[in-house]
Amino acid sequence: MRGFYIGRFQPYHNGHHSMVERISEEVDELVLGIGSADDSHTTHDPFTAGERIMMITKAVAEYDLTTYVVPLEDINRNAVWVSHVESMCPDFDVAYSNNPLVVRLFEEAGIEVRQSPMFDRDRLEGSEIRQRMIDDESWRDRVPPSVVEVIEEIHGIKRLQHVSDTDSLERYAAADESVEKSIEDFDD
């Protein structure tokens, strides 16, 4: 039996990893859909689809489970979203999700959906992990070690901190003014 599990995986964290481990007990193969694959370089979606494929592929290698990682672009049309997913992925027998909208869309399309309890949701939430990265707080214990390696390899923290710096242009302009003022004071 083949399952389907979708997430943005920004980043792939230990909650996702626990879910994949649980799913691996029920299916022989798993399609991991990378949602919002067309988004990157923002605070909400800092990592590219390719980077997320690396994170997931390296992390799930420890499971005895055939996996297919498929990037899925947003189409912003809920009525045809399931058919879009099906057109991009290998056939699957069951979908896994806790997202109420995703559950509803798959059920309306006649696809069995299995839900599971969230794993340590207070700590293992993508937005919380990304904020910890921005703030230089502890985050490495919330993702598999292979994901830490990928994020460090791609300089993901630096990117995330940079794209989250909304006032960077104002700061650079202020620094330029300060330098000009110092030069003027020196010349006087």
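Scroll up to find the structure.
The rules behind these values
Residues numbered from 1 in each chain as written. Predicted model: local features only at pLDDT ≥ 70, side-chain atom pairs only at ≥ 80, totals over all residues. Heavy atoms only, no water. Salt bridge = Lys/Arg side-chain N within 4 Å of Asp/Glu carboxyl O. Helix = DSSP H or I, 4+ residues; strand = E, 2+ residues; numbered from the N terminus. Buried < 20%, exposed > 50% of the residue type's maximum accessible area, 1.4 Å probe, protein only. Polar contact = N/O pair within 3.5 Å; in protein donor to acceptor, adjacent residues only side chain to side chain.

Enquirer: Whenever I open this one, the pattern of salt bridges confuses me. Can you help?
Expert: Side-chain pairs of opposite charge can arise whenever the charged atoms involved come near each other. Counted under the stated rule, the structure contains 11 salt bridges. Glutamate 108 is the partner of arginine 104 in a salt bridge, and the nearest nitrogen-oxygen pair spans 2.8 Å. Pair noted here: arginine 104 and glutamate 108 are both in helix α4 (residues 100-108), with a separation of 4 residues, about one helical turn. Between glutamate 112 and arginine 114 there is a salt bridge; the shortest N-O distance is 2.8 Å. For arginine 114, a relative accessible area of 23% gives the class partly exposed. Overlapping salt bridges bring together Arg22, Glu26, Glu112 and Arg114 as one network.

Enquirer: Looking at this structure, I do not really get the side chain of serine 36. What am I missing?
Expert: Its place among the elements puts serine 36 in the loop between β2 (29-34) and α2 (49-60). Owing to a relative accessible area of 10%, serine 36 belongs among the buried residues under this scheme. For serine 36, the side chain forms a polar contact with the side chain of aspartate 74, separated by 2.9 Å.

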